[in-house]
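# Analysis of the macromolecular model
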Amino acid sequence: MAPTPASICMLLLLTVPCFSQDIEMPTCGGPGPLGSPEVTEGSDRLTTNVASVDAPKELVWKVFVEMSRWEKWTEVFNPHISGEPEMDKLFLVTTRLRTAHPIFRLHNVLVKVTVLEEMSMFCWNTMGLPIWSRHCFSLCEMGGTTVWYMYQDNRGQLRGVAANILRDAMHDALECFNQNLTAEVKLQDANLQEPLLP
């Protein structure tokens, strides 16, 4: 069977590395790193990644919360979720950290939705692990540009160990996710802009 455009794109996602983009980004002006939201009380910020795209905030949010479709455009996170995310919902997430030590590159974690603010912020907390960990996505709009952050806060006795082992790999993974999300938003935005054929 001949490869489809979608399968070719996914193959590229799986084989082409993501690189940090050393360009100045607009910020949302928050008190956290890079203008992100404040670090959760009693926690350390493992990593903060910021991205922006010239597209409506509503579209960025829509692409993000359609979690059951993530596997079509990114390899970093694969949420095994049924339906839309909602507060206190539990689901399994497969995470791939390409640049981590081999034993940490692929893992499945049960998570719970702990923050859900429409068009503003989404967070999940890991469950059943010996460390408190919250992974968040937050966004704002500045003119016609949407800015968003992906970040992770940890607390507990093992947060230092987790930082030493995973900080760089998680930063790389979130950088890749943000680039994948940007590409998907641009693709969907372009499709919305296409004129209807008579």
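Coordinates for the structure precede this section.
Structure report, in brief.

Each value, and the rule that gives it
Residues numbered from 1 in each chain as written. Predicted model: local features only at pLDDT ≥ 70, side-chain atom pairs only at ≥ 80, totals over all residues. Heavy atoms only, no water. Helix = DSSP H or I, 4+ residues; strand = E, 2+ residues; numbered from the N terminus. Buried < 20%, exposed > 50% of the residue type's maximum accessible area, 1.4 Å probe, protein only. Contact = heavy atoms within 4.5 Å. Areas by Shrake-Rupley, 256 points an atom, 1.4 Å probe, with all protein chains shown as cover. Pairing = 2+ DSSP bridges. Disulfide = S-S within 2.5 Å. Core = buried A, V, L, I, M, F, W, Y, C linked by side-chain atoms within 4.5 Å. Polar contact = N/O pair within 3.5 Å; in protein donor to acceptor, adjacent residues only side chain to side chain. Phe/Tyr/Trp six-rings, centres within 6.5 Å; stacked < 30°, edge-to-face > 60°. Lys NZ or Arg CZ within 6 Å of the ring centre and 35° of its normal.

## Considering the overall build of the chain
Secondary structure summary: the chain contains three helices and seven strands in total. Counting helices and strands in the order they occur from the N terminus, the chain gives α-β-α-β-β-β-β-β-β-α. Burial statistics for the chain: of 198 residues in total, 44% are counted as buried. Long-range pairs, those at least 24 residues apart, make up 59% of the contacts in the chain between residues at least 6 apart in sequence. Accessible surface, the chain: about 10900 Å² in total, of which carbon and sulfur atoms supply 58%.

## Topic: the pairing of strand E3 (residues 90-96)
Pairing of strand E2 (residues 77-80) with E3 involves four bridges; the strand directions are antiparallel. Within E3, the position partnered with Pro 79 by the bridge is Val 93. Pairing between E3 and strand E4 (residues 106-117): seven bridges, direction antiparallel. Along E4, the bridge assignment pairs Phe 91 with Val 111.

## Brief notes about the state of the cysteines
According to the stated counting rule, one finds two disulfides in the structure shown. What pairs with Cys 28 in a disulfide is Cys 140, and their sulfur atoms sit 2.0 Å apart. In this structure the cystine formed by Cys 28 and Cys 140 twists about its S-S bond by roughly -95 degrees; its chirality is therefore left-handed. Taken together, the positions of Cys 28 in the loop between helix H1 (5-15) and strand E1 (44-53) and Cys 140 in strand E6 (residues 132-142) put the pair 112 residues apart, joining distant regions of the chain.

## Focus: the nonpolar core
Residues Phe 64, Phe 77, Trp 124, Phe 137, Trp 148, Phe 177 and Leu 181 are the most contacted members of the largest nonpolar core, which totals 39 residues. Among the elements of the structure, E1, helix H2 (57-65), E3, E4, strand E5 (121-126), E6, strand E7 (145-155) and helix H3 (159-193) are those that each provide at least two residues to this core. Excluding anything up to four places from it in sequence, Trp 124 contacts Met 67, Trp 70, Phe 77, Phe 91, Val 93, Val 111, Lys 112, Val 113, Thr 114, Ser 133, Arg 134 and His 135. The next biggest cluster of nonpolar side chains, apart from the first, holds nine residues, and it includes Val 50, Val 115, Met 121 and Val 147.

## Concerning unusual backbone geometry
Positive phi values are uncommon outside glycine, yet Leu 34 reaches one of about 60 degrees. With a phi angle near 60 degrees, Met 119 is a residue other than glycine that sits in the positive phi range. Looking at the element boundaries, Met 119 is found in the loop between E4 and E5.

## A look at the side chain of Asn 154
Following the sequence through the fold, Asn 154 ends up in strand E7. Within the local environment of Asn 154, its side chain forms a polar contact with the side chain of Ser 133, the two groups lying 2.8 Å apart. Here the side chain of Asn 154 touches Gln 152 through a polar contact of 3.2 Å, side chain to side chain. Apart from residues lying up to four places away in sequence, Asn 154 is in contact with Ser 43, Asp 44, Leu 46, Ile 131, Trp 132, Ser 133, Arg 159 and Ala 162.

## Points about the packing of aromatic side chains
Applying the stated criterion to the full structure yields 14 aromatic pairs. On the basis of an interplanar angle of 85 degrees and a centroid distance of 5.7 Å, the ring pair of Phe 77 and Trp 124 is categorised as edge-to-face. Placement of the pair is Phe 77 in strand E2 and Trp 124 in strand E5, with a sequence separation of 47 residues. Ring geometry for Phe 77 against Phe 177: centres 5.6 Å apart, planes inclined by 65 degrees, an arrangement best described as edge-to-face. Placement of Phe 77 in strand E2 and of Phe 177 in helix H3 is noted, with a sequence separation of 100 residues between them. In this structure Phe 177 comes out as buried when scored by relative accessible area, which is 0%. One aromatic cluster is present, built from ring pairs that chain together Trp 61, Phe 64, Trp 70, Trp 73, Phe 77, Phe 91, Phe 122, Trp 124, Phe 137 and Phe 177. The ring of Trp 132 carries Arg 155 above its face, with NZ or CZ at 3.9 Å from the centroid.

Function-wise, these values are silent; they only describe arrangement.
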